[in-house]
Amino acid sequence: MADKFEPRITGFVCKWCTSAGADLAGTSRKTYPPNMTPIMFFCSGRVDPQHILHAFRSGADGVFIGGCHPGDCHYQEGNYKTMKRIPMVKKLMRDMGIEEDRLRLEWVSASEGDKFTKVITQFVEQIRGMGPLKLPAKQRKVS
Amino acid sequence: MNKRIGVVVCHCGINIAGVVKIPEVLETIKTLPGVAAVRDHMYCCSDPGQNMIKDLTKSEKLDAVVVACCSPTLHESTFRKAVKSVGLNPYLCEIANIREQCSWVTPDRDEATKKAIRIIRTQVARARWDQPLEPIDVPVTRRAMVVGGGVAGIQAALDIANAGYEVVLVEKDPSIGGHMAQLSETFPTLDCSQCILTPKMVEAYQHPKIKLLTYSEVADVSGYVGNFKVKVRRKPAYIDWDVCNGCGQCLVKCPGRKESEFDRGMSKRKAVYRPFPQAVPNRPVIDASICVHFKTGRCSICADVCPLKAIRYDQKESFVEESVGAIVIATGFELYDLKDYSSFGVGKTQDVIDGLQFERILSASGPTSGEVKRPSDGKVPKRVVFVQCAGSRDVENGKPYCSKICCMYTAKHAMLYKHRVHDGDAIVFYIDVRTGGKGFEEFYKRATDEGVLYVRGKVSKIYRQGDKVVVWGADTLTGQKVQVEADMVVLANAMTPTPESAELAGVLKAQRDEHGFFNEAHPKLRPVETLTAGYFLAGAGQGPKDIPEAVAQASGAACKVIGLFSNKTLSHDPPIAGIDEDACSGCGVCVDVCPYGARELVEKDVKGKMKKVIKVNEVLCECCGACSSACPVAACEQRNLKDEQIQEMVEAGLEG
């Protein structure tokens with residue numbers, strides 16, 4: 001039997017809300033699939049479209065971005081910038097032949113360990129259902 | 001870039017090692033480029049653990065250290081201090097969170113081990129690029145603001161002021177005092193609430209170091225710890241408080257009428273009013289929404305009778321800006337509005353009242369001068385039912401949490417009722433009686449000894465029938481349904497944050513929990529701080545608490561503020577976004593995206609050529625990185641989180 005497909009997911013999480021929410025999920029001993037490797041930024045507004053595309057080029061099957069709820073950004077409006085950027089990135093992804101559902105932006109606050117668990121579980125299952133990302137060789141990172 | 005990186009993996013007892021296979025992790029990590037040494041330890045945060053990290057840093061001549069352990073919010077500063085003590089720049093120490101975000105959430109040992117390796121690998125990639133950074137020294141404004149003038153806010157203000165620092169105390173209502181001023185007597189000693197509170201109110205008012213801004217709200221906050229600029233909105237009182245001497249002539253003649261907020265709707269106040277006779281400052285305000293002058297222009301009686309001509313109908317709201325170094329959030333609580341709650345008859349019959357209304361009835365200064373009379377007809381109620389957990393501990397319809405103070409104040413209410421109406425019946429419906437506190441159990445025992453009847457069970461319905469208020473409930477000890485015909489019902493409503501605290505949280509960017517209470521930085525070890533440096537918490541705005549707890553937390557918050565003010569300068573986080581002047585095209589995009597105004601365009605000589613480039617005000621930069629992701633030419637670089645660094649971290653997290 002062939003190996004079950006295990007999605008590889010890059011997570012960009014903000015320090016103040018989503019990473020704290022992920023910490024709370026841990027403190028509360030929730031469980032969720034281990035497929036996402038979190039990278040903590042100060043703010044979701046630091047996520048540059050090229051980081052997302054770079055993740056796909058480097059072999060990610062999905063990219064997750066977690067920020068503070070609208071109005072709650074520790075840096076006032078970083079999450080709004082992300083909110084505006086994501087549709088633009090999705091358009092680029094469509095042009096590149098990457099299904100836009102492979103990118104997910106969610107607002108997870110520091111008190112939402114439960115939501116973090118649910119969102120990650122659901123996203124991993126969704127990507128598992130979509131199968132591996134098949135990028136044309138020229139778009140893949142050659143290292 | 002030929003760094004020697006050391007990786008130390010913490011077992012955290014069995015918290016990490018019970019799931020993550022540490023030897024496998026070490027085997028893999030030691031093969032990574034740049035990794036010069038790997039170690040593990042049972043508890044890295046312990047003294048021997050820290051010493052091991054220090055020794056390793058020295059003996060292996062490490063250029064960077066990655067500690068794989070718990071969340072960076074817990075021990076990042078611990079390990080950075082440790083490496084600093086042996087001469088390594090603290091910003092060359094990174095944390096890989098393999099506990100909260102790995103071992104605790106991944107039950108499968110193989111999967112947890114793989115994820116731990118991926119997380120450590122990203123941090124090693126990060127460390128490979130890390131540069132030594134120096135904290136930026138910024139001066140501290142040794143002046144505090146306290147938001148909320150209840151007992152917690154007053155205590156915090158007094159403690160800070162008595163230590164010699166100036167305090168600005170902001171209160172939304174015309175008077176300080178908060179809910180404690182409404183209470184009759186306090187448990188478990190039954191001392192008069194106003195008698196112990198009003199001296200503190202007056203002390204705060206007269207204190208030379210305290211500036212009182214009542215009838216005011218925080219409109220905007222900018223800056224950072226040690227250097228906040230707070231814009232305070234002063235609502236128009238329509239009276240010049242500097243001229244007014246509080247004589248009260250205006251209060252006598254005013255024709256406007258409205259339910260008194262202070263008496264919780266059980267008495268009337270005028271359009272020009274002070275909330276209660278002992279108000280501090282003793283200055284009235286005009287409520288324009290019911291004032292005849294504002295509605296029709298045909299009344300100016302207060303202006304006519306004022307001997308000092310202090311009435312100003314044309315007064316407008318104004319703003320003052322205060323510079324402070326720390327802010328104490330003491331916004332207090334409100335009672336949960338039970339109007340839509342199950343079938344408690346709230347709002348339908350006047351004789352179902354909340355705990356604060358009963359406090360006003362019991363208060364000597366209240367609408368009945370302390371005589372127990374029910375609101376509908378003024379009769380002395382011969383049977384009063386007290387309903388605990390009205391909205392608390394109700395996951396489905398109300399608030400899931402325990403409001404903590406209701407068991408004690410209900411015992412007090414029932415007891416005080418029995419003291420005033422000797423032949424009356426006091427019946428308490430409860431789920432559990434919780435008496436954790438000094439003298440609390442004895443106080444509850446005293447209530448039962450004095451003849452208060454406790455029925456264990458919830459109330460399902462309350463309705464009016466003729467002259468009576470009928471209470472349906474259950475006695476879960478006997479398994480019987482209970483129906484009581486009472487003359488009055490007192491509900492122990494759940495405590496909630498004040499509605500204004502939501503707006504304040506938005507202005508402050510302070511974090512709140514799912515119920516709207518302000519979040520402390522750590523539930524056990526940092527209970528008066530918040531995750532935002534410079535904000536501190538006091539009182540029931542952080543969670544339900546009684547007076548002694550609110551006061552203790554206020555003194556704790558004050559102590560933290562005083563500690564902060566003992567520094568001449570503070571160090572500002574250095575992972576700020578700099579500028580590559582060669583690459584900068586002077587487009588100014590980052591100027592617009594920076595929420596702190598930390599970037600400006602200047603004309604500058606760059607390598608013998610005059611050009612427009614960005615100048616970064618390092619002290620204002622808060623390290624969010626918005627400019628870095630907005631810059632079209634990659635000239636804005638967030639220190640130790642550069643684009644190349646992030647790309648390598650992304651790749652590292654996807655390997656294996």
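Remember, predicted model here, so these are calculated numbers, not experimental data.

Here's the deal with the overall build of chain B
Alright, step 1. Tallying secondary structure elements over chain B gives 18 helices and 34 strands in all.
Alright, step 2. Its C-alpha atoms put chain B at 85 × 65 × 40 Å along the principal axes.
Alright, step 3. Looking at chain B as a whole, 49% of its 656 residues are labelled buried.
Alright, step 4. A separation threshold of at least 6 residues defines the contact pool for chain B, and within that pool the share at least 24 residues apart is 71%.

Notes on the overall build of chain A
Alright, step 1. Counting its secondary structure elements, chain A contains 4 helices and 4 strands.
Alright, step 2. Listing every helix and strand of chain A by position from the N terminus yields β-α-β-α-β-α-β-α.
Alright, step 3. A globule of 143 residues ought to have a C-alpha radius of gyration of about 15 Å, and chain A, at 15 Å, matches this closely.
Alright, step 4. Residues counted as buried form 58% of the 143 residues belonging to chain A.
Alright, step 5. Long-range contacts, defined as pairs at least 24 residues apart, comprise 81% of the intrachain contacts of chain A with a sequence gap of at least 6.

Things to note about the packing of helix α5 (residues 109-129) of chain B against helix α18 (residues 643-654) of chain B
Residue and element names in this part refer to chain B.
Alright, step 1. Two elements in contact, α5 and α18, have axes whose closest approach is 8 Å; the angle formed by their N-to-C orientations is 155°. By the angle between their axes, α5 is roughly antiparallel relative to α18. Where α5 crosses over α18, the handedness of that crossing is right-handed. Along the contact surface, α5 presents Arg118, Arg121, Thr122, Val124, Ala125, Arg126, Arg128 and Trp129, while α18 presents Glu644, Gln645, Glu648, Met649, Ala652 and Gly653.
Alright, step 2. Classifying every residue of the contact of α5 with α18 by side-chain character gives 5 nonpolar, 3 polar and 6 charged.

What to know about the sheet that holds strand β3 (residues 64-69) of chain B
Residues and elements named next belong to chain B.
Alright, step 1. Reading across from one edge, β2-β1-β3-β4 is the order of the 4 strands in this open sheet, with parallel pairing throughout. On the outer flanks of this sheet lie β2 (35-41) and β4 (93-97), each paired with one strand and no other. Adjacent strand axes in the sheet meet at a mean angle of 20° when their direction is disregarded.
Alright, step 2. With respect to the sheet, helix α3 (residues 72-85) is in contact with β3 and β4, its orientation differing from that of β4 by roughly 150°.
Alright, step 3. Packed onto the sheet, α5 meets β1 (5-10), β2, β3 and β4 and runs at close to 160° relative to β4.

A closer look at the interface of chain A and chain B
Alright, step 1. With 38 residues of chain A in contact, the opposing surface of chain B contributes 42 residues.
Alright, step 2. Contributions of two or more residues to the side of chain A that touches chain B are made by α1 (18-27), β2 (36-41), α2 (49-57) and α3 (78-96) of chain A.
Alright, step 3. For the side of chain A that touches chain B, the element with the most residues is α1(A), which contributes 5 residues.
Alright, step 4. Broken down by class, the residue content of the side of chain A that touches chain B amounts to 15 nonpolar, 15 polar and 8 charged.

Overview of the nonpolar core
Alright, step 1. By size, the foremost hydrophobic cluster in this structure holds 115 residues, and its most contacted members are B:Val146, B:Ala156, B:Ala157, B:Leu169, B:Val328, B:Val489 and B:Ala538.
Alright, step 2. Counting 111 residues, the second-largest nonpolar core is a separate cluster that includes A:Val63, B:Ile5, B:Val7 and B:Ala598.

Considerations on unusual backbone geometry
All names here are of chain B.
Alright, step 1. Cis peptide bonds are those with omega within 30 degrees of zero, and the linkage from Phe187 to Pro188 qualifies with -5°.
Alright, step 2. Among the secondary structure elements, Pro188 is positioned in the loop between β8 (185-186) and β9 (191-192).
Alright, step 3. The backbone phi angle of Leu190 is positive, close to 60°, even though this residue is not glycine.
Alright, step 4. When you line up the elements, Leu190 lands in the loop between β8 and β9.
Alright, step 5. Here Asn640, not a glycine, exhibits a phi torsion of approximately 60°, which is positive.
Alright, step 6. For Asn640, the location among the structural elements is in the loop between β34 (636-638) and α18.

Concerning the environment of B:Leu453
Residue and element names in this part refer to chain B.
Alright, step 1. Its location among the elements puts Leu453 in strand β23 (residues 453-456).
Alright, step 2. Spatially, the C-alpha atoms of Leu453 and Ala426 are 6.2 Å apart, while their sequence positions differ by 27 residues.
Alright, step 3. Among residues more than four places away in sequence, those in contact with Leu453 are Asp425, Ala426, Ile427 and Val428.

Observations concerning the confidence of the model for chain B
Alright, step 1. Of all residues in chain B, 100% attain a pLDDT of 70 or more, and the chain-wide mean is 94.
Alright, step 2. In the predicted assembly, ipTM is 0.96 and pTM is 0.77.

A look at the sheet that holds β23(B)
All names here are of chain B.
Alright, step 1. Pairing is parallel across the open sheet formed by 5 strands, whose spatial order is β20-β27-β21-β22-β23. Only two strands of the sheet have a single neighbouring strand rather than two, namely β20 (352-354) and β23. Averaged over all neighbouring strand pairs, the angle between strand axes comes to 25°, with direction disregarded.
Alright, step 2. Summarising the sheet, β20 and strand β27 (residues 488-493) pair through 3 bridges and their orientation is parallel. Each bridged residue has a counterpart across the sheet, and for Asp354 the counterpart in β27 is Leu491.

Topic: α5(B)
Alright, step 1. Compared with the 30 Å implied by 1.5 Å per residue over 21 residues, the 31 Å span of α5(B) between its first and last C-alpha is a close match.
Alright, step 2. For α5(B), a buried count of 17 out of 21 residues is recorded, marking the element as mostly surrounded by other parts of the structure.

Thoughts on the environment of B:Gln50
Alright, step 1. Inspection of the secondary structure assignment puts B:Gln50 in helix α2 (residues 47-59).
Alright, step 2. Separated by 29 residues in sequence, B:Gln50 and B:Phe79 have C-alpha atoms that sit 7.2 Å apart.

Observations concerning helix α14 (residues 499-508) of chain B
All names here are of chain B.
Alright, step 1. The complete set of buried residues in α14 reads Ser501, Leu504, Ala505 and Leu508. For α14, the angular spread of buried residues about the axis comes to 105°, placing them on one side. Among the exposed residues of α14, those pointing more than 90 degrees away from its buried face are Pro499 and Gly506.
Alright, step 2. Phi for Lys509, located one or two positions after α14, is positive at around 60°.

Notes on the pairing of strand β18 (residues 326-329) of chain B
All names here are of chain B.
Alright, step 1. Burial along β18 is two-sided: Ala326 and Val328 and Ile327 and Ile329, pointing in opposite directions, are all buried.
Alright, step 2. Relative to β18, strand β6 (residues 143-147) runs parallel, the two sharing 4 bridges. Paired with Val147 across the strands is Ile329, a residue of β18.

Some remarks on the environment of B:Arg118
Alright, step 1. In this structure, B:Arg118 sits in helix α5.
Alright, step 2. Residue B:Arg118 is classed as buried on the basis of its 23 C-beta neighbours within 10 Å.
Alright, step 3. With 536 residues separating them in the primary sequence, B:Arg118 and B:Leu654 have C-alpha atoms 7.2 Å apart.
Alright, step 4. Ignoring sequence-local partners within four residues, the contact set of B:Arg118 consists of A:Thr37, B:Gly653 and B:Gly656.

Some remarks on the packing of α2(A) against α3(A)
Residue and element names in this part refer to chain A.
Alright, step 1. The N-to-C vectors of α2 and α3 enclose an angle of 40°; their axes lie 10 Å apart at closest approach. Between α2 and α3, the angle is such that the two are oblique. Handedness of the crossing formed by α2 with α3: right-handed. Side by side, α2 and α3 meet where Pro49, Ile52 and Leu53 of the first sit next to Arg85, Met88, Val89 and Leu92 of the second.

The rules behind these values
- Residues numbered from 1 in each chain as written.
- Chains lettered and ligands numbered in written order.
- Predicted model: local features only at pLDDT ≥ 70, side-chain atom pairs only at ≥ 80, totals over all residues.
- Helix = DSSP H or I, 4+ residues; strand = E, 2+ residues; numbered from the N terminus.
- Buried ≥ 20, exposed ≤ 12 C-beta atoms within 10 Å, placed from the backbone.
- Contact = placed C-beta atoms within 7 Å.
- Rg over C-alpha atoms; globule rule 2.2 N^0.38 Å.
- Axes fitted to C-alpha atoms, helices over the stretch in contact; angles between N-to-C directions.
- Parallel < 35°, antiparallel > 145°, perpendicular 65-115°, else oblique.
- Left-handed = near helix turned anticlockwise from the far one by under 90°.
- Nonpolar A, V, L, I, M, F, W, Y, C, P; charged D, E, K, R; others polar.
- Pairing = 2+ DSSP bridges.
- Core = buried A, V, L, I, M, F, W, Y, C linked by C-beta atoms within 7 Å.
- pLDDT = per-residue confidence, 0-100.
- Expected span 1.5 Å × (residues − 1).
- Arc of directions from axis to C-beta.

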